[in-house]
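Structural overview
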Amino acid sequence: MNIGVLALQGAFAEHLAALRKLGVNGVEIRQRADFQAGLDGLILPGGESTVMGKLLRELKLYAPIRDAIAAGMPVLSTCAGLILLAERAENNEKTYFALMDITVRRNAYGRQLGSFRTTTDIAGIGPYPMVFIRAPFISSVGPKAHVLATVDGHVVAARQANMLATAFHPELTDDLRVHSFFVNMVAQVNANCRQQQTA
Amino acid sequence: MKEKPAATPAKFVAACLQARTIYNRNKDKAMDNRYDLNKNLAQMLKGGVIMDVSTPEQARIAEAAGACAVMALERIPADIRAAGGVSRMSDPKMIRSIQEAVSIPVMAKVRIGHICEAQILQAIEIDFIDESEVLSPADDVYHIDKTQFSVPFVCGAKDLGEALRRISEGAAMIRTKGEPGTGDIIQAVRHMRLIMSEMRRIQSMRQDELFQAAKTLQVDVALVNYVHENGKLPVVNFAAGGVATPADAALMMQLGAEGVFVGSGIFKSGNPAKRAAAIVKAVTNYQDAKMLAELSEDLGEAMVGINEQEIKLLMAERGK
């Protein structure tokens, strides 16, 4: 299994390390030529969404990645990655791929002094240590997506078909359950594809 | 006759001691947690460019060009160098105006050892404090005890000993000192190469040699052990000081930097927006020479550099 990790800016090395621990091959996506056939899934990491959004367009990665996700490529997005996926953003903030039926609030917890750590249940995974760094949260979830976790009444993890999004950073903890949940998602999609091809 | 105070029951004393232990443990845990969160913010900046800005307008240009954070300061290092005199923390009002102008993290500088300037920046909820040799040092012996703060600190280093000493004082991020405001990359290169080669040397040591290494570096052996096992610093390590072109930025990335600070190099050049955007892309694709060639085209005038032999004041020598 090959999983691409968007490596334009931010904490992509931590995602690659998590994939390595699970025995999955991670592929750095730094430019158009890196995003090729043979990728089974994609991770959009944490970092600054403004930087990634700009580089996606300038490095001509925006259209191919958007098309791939829209066509069903499984994607795990964390923090800034979640902002990239969201269809709507509060306060007239920019949207990017705009594929996931959620509204996001950027810097929802304020500046760095508002960053925190907590442990809360994720549906289907259980209690999970969550690290929030100048994090966004999901202020509303549309009918196409469903909630996986909330903290203080705010949605911090959601899923919509092939898209899994968290406001926190599973790659900053040693707990690999979110990544292995995603790897299972990818395996399932691949199995379904193969079934369709043979049918 | 005065009444003798009743002897304190042993149970009560024990309870007090236990309460104090629990209090201290929780306090330590809370601070540990804070330190981890602060190191985590530095991780989010990796692969990015942090730009010096002195007005909200410049901050917006930097953000639009793809800066992952901005450093708010009244005068960029080249101007500090030209003006001479004592340079201090910037006006909090000016820093606030930059915090309001952009959505990315905002950093600001305090003088080495100036505890109070740091408290002021923490009070205005700065995202990162740079205890910086670019400003005039306030203390020529002690750095700030950064473990006493909730906001993260980045500090400059020109060798591994300095880097690890700053980390034991609580720095959540390290950068090379370079020679700020010169547009000359030689010092940043020297510092990065030295830090990286010292780490490789420690990695190859026998276990029993690490104690001596800690002694010569004047650092805690636990930090030397960390470097021995991991071959890297326990915090993110950026390049800073003298970066003026996309090629400079890519060079620092190839030498092992995890991201780049650009000070005077952008707003002292002919076309700041274009140069800033080119440096951002160069950091992401630092190994693609073909792309670097395209990025280096038509950037207009680079900042006028000063060679290291031509300068009187070596800022990198401040704070050890």
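Further up the page is the structure itself.
The present account deals with the structure reproduced in this document. (Residues numbered from 1 in each chain as written. Chains lettered and ligands numbered in written order. Predicted model: local features only at pLDDT ≥ 70, side-chain atom pairs only at ≥ 80, totals over all residues. Heavy atoms only, no water.)

On to the overall build of chain A. From N to C terminus, chain A includes five helices and twelve strands. Scaling as 2.2 N^0.38, a compact globule of 199 residues should have a C-alpha radius of gyration of about 16 Å, and chain A matches this with 16 Å. If you line up chain A on its principal axes, its C-alpha atoms span 50 × 40 × 35 Å. Classification of the 199 residues of chain A by burial places 58% in the buried group. Considering only contacts within chain A whose residues lie at least 6 apart along the sequence, 64% involve residues at least 24 apart. Per element, the accessible surface of chain A, about 7700 Å² overall, is 48% carbon and sulfur. (Helix = DSSP H or I, 4+ residues; strand = E, 2+ residues; numbered from the N terminus. Rg over C-alpha atoms; globule rule 2.2 N^0.38 Å. Buried < 20%, exposed > 50% of the residue type's maximum accessible area, 1.4 Å probe, protein only. Contact = heavy atoms within 4.5 Å. Areas by Shrake-Rupley, 256 points an atom, 1.4 Å probe, with all protein chains shown as cover.)

What follows concerns the overall build of chain B. Helix and strand content of chain B: 13 helices and eight strands. Relative to the 2.2 N^0.38 estimate, which gives 20 Å for 320 residues, the radius of gyration of chain B is 22 Å and therefore close to what a compact globule would have. Dimensions of chain B along its principal axes, counting C-alpha atoms only, are 90 × 50 × 35 Å. Counting all 320 residues of chain B, 56% fall into the buried class. Taking all contacts inside chain B whose residues are at least 6 apart in sequence as the whole, residues at least 24 apart take part in 67%. With the model as given, the accessible surface of chain B reaches about 14300 Å², and the carbon-plus-sulfur share is 52%. For chain B, the distance from the average position of its 39 positive side-chain charges to the average position of its 40 negative side-chain charges is 5 Å. (Lys, Arg positive; Asp, Glu negative; His and termini not counted. Charge placed at Lys NZ, Arg CZ, Asp CG, Glu CD.)

In this section: the interface of chain B and chain A. A common way to state how big an interface is: give the accessible area lost once the parts meet. On the side of chain A, 33 residues touch chain B, which itself brings 37 residues to the contact. Interface area for chain B against chain A, summed over the two sides, is near 2800 Å², with a carbon-plus-sulfur share of 54%. If you look at where chain B meets chain A, you find three salt bridges. With its nearest N and O atoms 2.6 Å apart, the salt bridge here joins Lys46(B) to Glu14(A). Our enumeration of links across chain B and chain A arrives at 23 residue pairs in polar contact (both at pLDDT 80 or more). Within the residue set of the side of chain B that touches chain A, elements represented by two or more residues are α1 (10-45), α2 (56-65) and α12 (272-284) of chain B. Among the elements that take part in the side of chain B that touches chain A, α1(B) stands out by supplying ten residues, more than any other. Each residue belonging to the side of chain B that touches chain A can be placed in one class, and the counts come to 16 nonpolar, 13 polar and eight charged. (Buried area = accessible area lost by both parts, 1.4 Å probe. Salt bridge = Lys/Arg side-chain N within 4 Å of Asp/Glu carboxyl O. Polar contact = N/O pair within 3.5 Å; in protein donor to acceptor, adjacent residues only side chain to side chain. Nonpolar A, V, L, I, M, F, W, Y, C, P; charged D, E, K, R; others polar.)

Glancing now at the pattern of salt bridges. Tallied over the entire structure, the rule returns 24 salt bridges over all chains. Between Arg177(A) and Asp175(A) there is a salt bridge; the shortest N-O distance is 2.8 Å. When the shortest N-O distance is used, the salt bridge between Glu162(B) and Lys177(B) registers 3.0 Å. Note that Glu162(B) is positioned in helix α6 (residues 160-168) and Lys177(B) in the loop between β6 (173-176) and α7 (186-203), a separation of 15 residues in sequence. A single burial state applies to Glu162(B) and to Lys177(B), both of which are buried. Connected through salt bridges with shared partners, the residues Lys109(B), Asp130(B), Glu133(B) and Arg175(B) form a single ionic network.

Now for the nonpolar core. Leu6(A) and Met173(B) are the most contacted members of the largest nonpolar core, which has 146 residues in total. Sort the elements by how many residues they give to this core and α12(B) lands first, with seven residues. One finds Leu160(B), Leu164(B), Met205(B) and Leu223(B) within the second-largest nonpolar core, a separate group that totals 22 residues. (Core = buried A, V, L, I, M, F, W, Y, C linked by side-chain atoms within 4.5 Å.)

Our focus in this paragraph is the packing of aromatic side chains. Enumeration over the complete set of coordinates arrives at nine aromatic pairs over all chains. With a centroid separation of 5.2 Å and an interplanar angle of 70°, the aromatic rings of Phe149(B) and Phe153(B) are classed as edge-to-face. One exposure class covers both Phe149(B) and Phe153(B), and it is buried. Judged by centre distance (5.7 Å) and plane angle (70°), the rings of Phe238(B) and Phe261(B) are edge-to-face. In this pair, Phe238(B) is assigned in strand β7 (residues 236-238) and Phe261(B) in strand β8 (residues 260-262), connecting sequence segments 23 residues apart. In terms of burial, Phe238(B) and Phe261(B) fall into one category: buried. A connected cluster of aromatic rings, assembled from ring pairs, spans Tyr109(A), Phe116(A), Tyr128(A), Phe132(A), Phe137(A) and Phe168(A). (Phe/Tyr/Trp six-rings, centres within 6.5 Å; stacked < 30°, edge-to-face > 60°.)

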